[in-house]
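Each chain, written out:
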Amino acid sequence: MKYLFLVLLVVATANSAGAQTGSGHPVGNLPVLTTPPMEDGTSRALTLEEAIKTALDKNYTIRTTQGDMQVADMELDRSRDNLYPDLNLTAGYGYSYTFNPPTLFGVQSDASSQSVRYGAQSNFNIYSGGSDAARIRSSRLGLDAATYTLNWTKQQTVFSVVSNYINALRNRELVNSAQKSLDESKSQLDRVKGQNEAGSVPVGLVYQQEAVVGQNQLAVIQAKNNYENAKADLLYLLDIAPSDYRKFSVNLTGIDTTTSADHRQSVNASVSDEQITKVIESRPDIKSLIARLESQQASVDILSGSLLPRLDANAGLSGSGSNSNLSKIQPSNFFTGGLSLSFPLFNKWQTRLQIDEQNVNIESNRIRLNQAEQQLRSDVAKAANNLLFADESLDASDYALRSAEESLRLATERLNVGAGIQLDVIVAQSQVETARTNRVNAVFNYVLAQKQVQYT
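Owing to the predicted nature of the structure, the values given are computational and were not obtained by experimental measurement.

Parameters and conventions
- Residues numbered from 1 in each chain as written.
- Predicted model: local features only at pLDDT ≥ 70, side-chain atom pairs only at ≥ 80, totals over all residues.
- Heavy atoms only, no water.
- Pairing = 2+ DSSP bridges.
- Helix = DSSP H or I, 4+ residues; strand = E, 2+ residues; numbered from the N terminus.
- Polar contact = N/O pair within 3.5 Å; in protein donor to acceptor, adjacent residues only side chain to side chain.
- Contact = heavy atoms within 4.5 Å.
- Axes fitted to C-alpha atoms, helices over the stretch in contact; angles between N-to-C directions.
- Parallel < 35°, antiparallel > 145°, perpendicular 65-115°, else oblique.
- Nonpolar A, V, L, I, M, F, W, Y, C, P; charged D, E, K, R; others polar.
- Phe/Tyr/Trp six-rings, centres within 6.5 Å; stacked < 30°, edge-to-face > 60°.
- Buried < 20%, exposed > 50% of the residue type's maximum accessible area, 1.4 Å probe, protein only.
- Core = buried A, V, L, I, M, F, W, Y, C linked by side-chain atoms within 4.5 Å.

**Quick word on the pairing of strand β5 (residues 112–127)**
As defined by bridge partners, strand β2 (residues 86–97) adjoins β5 across 12 bridges and the pair is classed as antiparallel. Among the inter-strand pairings, Tyr 93 is bridged to a residue of β5, identified as Val 116.

See below:
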């Protein structure tokens, strides 16, 4: 599951015949894109596949989640190691001096005395009400949950990269569209100026067309700004420094922008209940919630085990001795061993209250799990709806663009032969610009809708 989504988005879509604009074949009404319109040629094209691999290696959220999984793995080791007996070693040396040493039978005792002591003590828990086994089970489920969370975080990151990459492509194409409208308005301005110099049109028409050119120039500036911001959003996910943003560009390599009727008919937007059930059983985010719920249930067993008797075994070896001469000390050695049984009688109901609190949390998390499953069903339904309406929007946007371009052509011809007015051309130019924008959005909405269905 770790890289399943990467395979779906990159490998499966990159092999569609004639589907990539980067191969030099125009797609629909989209022009062939090779380099970003505002870069100086020194930037390097960052493919979608490269962006995904970079994000999987460097994304902040993924790296943080990897740390969480490592902590969960260490917690599992800690719960297992708790089954081993503990061993404590002690050693000591003492020195004492008596200012007035006693006298026995006329012989004065040594004023100084030295002592040594040592010991080794081991304790082993034989039975603790099943708490140790429950702790291991809880830690293992916690590690499973962290692993599923990491896998899902990777899939979320991949989809975020894909979405932002497509958005950057969309905004770059909108720059091309705005630039094309600007070039056409400039050509129309040159034509009107020539007619004015010839005395066939008043200077007021020149001013009108200059206003249109100015508006289109602002549109190009805004489109470039949107593109740079969209690219910044993408490169942020890849942990690329903002100072290096202009070193990279995007291209259509590996992204299927096919909008032909045959291709669209092959895309299935329907989702059955069986498919949704299969997704619920396999999606890492759902499995993570289930594992965390089971881990909490195991935590209740840990608390319950502390209410039962506890049996421990202990064994130890020790020795001690003293003498005024350190080298003459002859320590006495002892071995001890035994069993101890303890039974909790009353701890002010603290453990019982903890169990009740944990059961409430378990029920709350069970509700969250049901909510996540219902959210998944809703997301699937919305993704299918988005794909369906994006498909329908393609036809409408293509028809509107053809009609607007034809209206502009007719208005221009009528103006050239003196049968039309400049205002008709200006209105037609505005309609073409809007239709081009809608067409670009329709194409990339359709591409993104397909990715959304795969992701969901």
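**Focus: the side chain of Thr 412**
Secondary-structure assignment places Thr 412 in helix α9 (residues 350–416). Of note is the side chain of Thr 412, whose polar atom sits 2.8 Å from the backbone oxygen of Leu 408. If near-sequence neighbours (up to four positions away) are discounted, Thr 412 is found in contact with Gln 188, Arg 191 and Val 425.

**Re the packing of helix α8 (residues 284–305) against α9**
Put simply, α8 and α9 touch, their axes get as near as 10 Å, and they point 170 degrees apart. Here α8 lies roughly antiparallel to α9, going by the angle between them. For the contact of α8 with α9, a count of residues per class yields 10 nonpolar, 10 polar and 3 charged.

**Quick look at the packing of aromatic side chains**
Counted under the stated rule, the structure contains 5 aromatic pairs. Residues Phe 159 and Tyr 455 carry aromatic rings whose centres are separated by 4.2 Å and whose planes lie at 10 degrees to one another, so their mutual orientation is stacked. Highlighted residues: Phe 159 in helix α4 (residues 131–197) and Tyr 455 in helix α10 (residues 422–455), separated in sequence by 296 residues. The interplanar angle of 85 degrees and the centroid separation of 4.9 Å between the aromatic rings of Phe 346 and Trp 349 together place this pair among those described as edge-to-face. Judged on exposure class, the residue Phe 346 and its partner Trp 349 are both exposed.

**A look at the nonpolar core**
The nonpolar side chains of a soluble globular protein tend to be buried with one another. Grouped together as the largest cluster of nonpolar side chains are 43 residues, with contacts concentrated most on Val 161, Tyr 165 and Leu 238. Among the secondary structure elements, those contributing two or more residues to this core are α2 (48–58), α4, α5 (203–237), β6 (248–250) and α10. Sorting elements by how many residues they give to this core places α4 first, with 14 residues. Those residues in contact with Val 161, other than ones at most four positions away along the chain, are Leu 48, Ala 51, Ile 52, Ala 55, Leu 234, Leu 237 and Leu 238. Core analysis: the second largest hydrophobic core is formed by 11 residues, Val 300, Ile 362, Leu 376 and Val 380 among them.

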